[in-house]
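# Understanding the architecture of this molecule
Each chain is listed here by its residues.
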Amino acid sequence: MRKIKAAIVGCGKVGHTHAVAFQEIADSELTAVCDVSPERVVAYEKKYDVKGFVDFEKLLEEMKPDVISVCTPHPLHAGFIIKAAAHGVHVLTEKPLASDLRDCDAAIQACEKNNVKLGVISQRRFYPPVQRMKQAITDGKIGKPVIANMIVLGWRD
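These remarks concern the structure in this document.

### Section: the overall build of the chain
Helices and strands together make up the secondary structure of the chain, namely 6 helices and 6 strands. From first element to last, N terminus to C terminus, the chain shows the α and β order β-α-β-α-β-α-β-α-β-α-β-α. Taken along its principal axes, the extent of the C-alpha atoms in the chain is 50 × 35 × 35 Å. Looking at the 157 residues of the chain, the share that counts as buried comes to 34%. Once local pairs closer than 6 in sequence are excluded, the contacts in the chain between residues at least 24 apart make up 55%.

### Here we look at the nonpolar core
Residues Val9, Phe56, Leu59, Ile68 and Ile81 are the most contacted members of the largest nonpolar core, which totals 25 residues. Mapped onto this core, the elements with two or more residues apiece are strand 1 (4-9), strand 2 (28-34), helix 3 (56-63), strand 4 (67-70), helix 4 (77-86) and helix 5 (101-113). Per-element tally for this core: the top contributor is helix 4, with 5 residues. With sequence-adjacent residues up to four places away left out, Val9 is seen in contact with Cys34, Phe56, Ile68, Ser69, Val70, Cys71, Thr72 and Phe80. One finds Ala19, Phe22, Val33 and Val50 within the second-largest nonpolar core, a separate group that totals 12 residues.

### Side note on the sheet that holds strand 4
Pairing is parallel in the open sheet, where 6 strands are placed in the order 3-2-1-4-5-6. Two strands in the sheet have a free side with no partner beyond their single neighbour: strand 3 (51-53) and strand 6 (118-120). The average angle at which neighbouring strand axes cross in this sheet is 25°, direction not considered. The pairing of strand 2 with strand 3 spans 3 bridges and is parallel.

### What to know about the pattern of salt bridges
Going through the model one piece at a time under the given rule, you end up with 4 salt bridges. One salt bridge connects Arg40 with Asp35, and the closest N-O pair in it is separated by 2.7 Å. Ionic pairing is found between Glu62 and Lys58, a salt bridge with its closest N-O pair at 3.9 Å. Placement of the pair is Glu62 and Lys58 together in helix 3, with a separation of 4 residues, close to one helical turn. Residue Lys58 is classed as partly exposed on the basis of its relative accessible area of 43%. Each of Lys51, Lys58 and Glu62 takes part in one network of salt bridges that share partners.

### Overview of the packing of aromatic side chains
According to the stated counting rule, one finds 2 aromatic pairs in the structure shown. Seen in terms of ring centroids, Tyr44 and Tyr48 are 5.3 Å apart; in terms of plane orientation they differ by 50°. Their pairing is tilted. Linking Tyr44 with Tyr48, this pair stays in helix 2 (residues 38-48), spanning 4 residues, or about one helical turn. Here Tyr44 and Tyr48 have matching classes, each one buried.

Basis of the calculations
- Residues numbered from 1 in each chain as written.
- Predicted model: local features only at pLDDT ≥ 70, side-chain atom pairs only at ≥ 80, totals over all residues.
- Heavy atoms only, no water.
- Helix = DSSP H or I, 4+ residues; strand = E, 2+ residues; numbered from the N terminus.
- Buried < 20%, exposed > 50% of the residue type's maximum accessible area, 1.4 Å probe, protein only.
- Contact = heavy atoms within 4.5 Å.
- Core = buried A, V, L, I, M, F, W, Y, C linked by side-chain atoms within 4.5 Å.
- Pairing = 2+ DSSP bridges.
- Axes fitted to C-alpha atoms, helices over the stretch in contact; angles between N-to-C directions.
- Salt bridge = Lys/Arg side-chain N within 4 Å of Asp/Glu carboxyl O.
- Phe/Tyr/Trp six-rings, centres within 6.5 Å; stacked < 30°, edge-to-face > 60°.

In structure tokens, the structure reads:
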């Protein structure tokens, strides 16, 4: 069975999580990374033994990945998703899907038009408190939510 060729755009902190995951999944092979910073690209090339690019189009054309992880700043997500979809590449993007509804719609439409899968990371969806909230909504215990405000306390270096 052929391994799934994976690539990452955005060589920042969360990109490392994706790189390690792709390397640990037996059926995938991390083949390339892309970032606007040549220094970050070189660091990822050395750490993960992959080919690095500063030009996303060049990565898509040369490496022909099956899937790309979008790990860039939020306002850039939609552009990378649309370009990947145009090349027939499946996309896994960090949250949020995009910065505004127009970009979300454009990203979704590009993936539908090109028949590629689009996934959005939501790492807390299976946390027990989140599951309890979802079940309470499903069971009608708290009515229909119309707005939510949430504060997440988390550690960042």
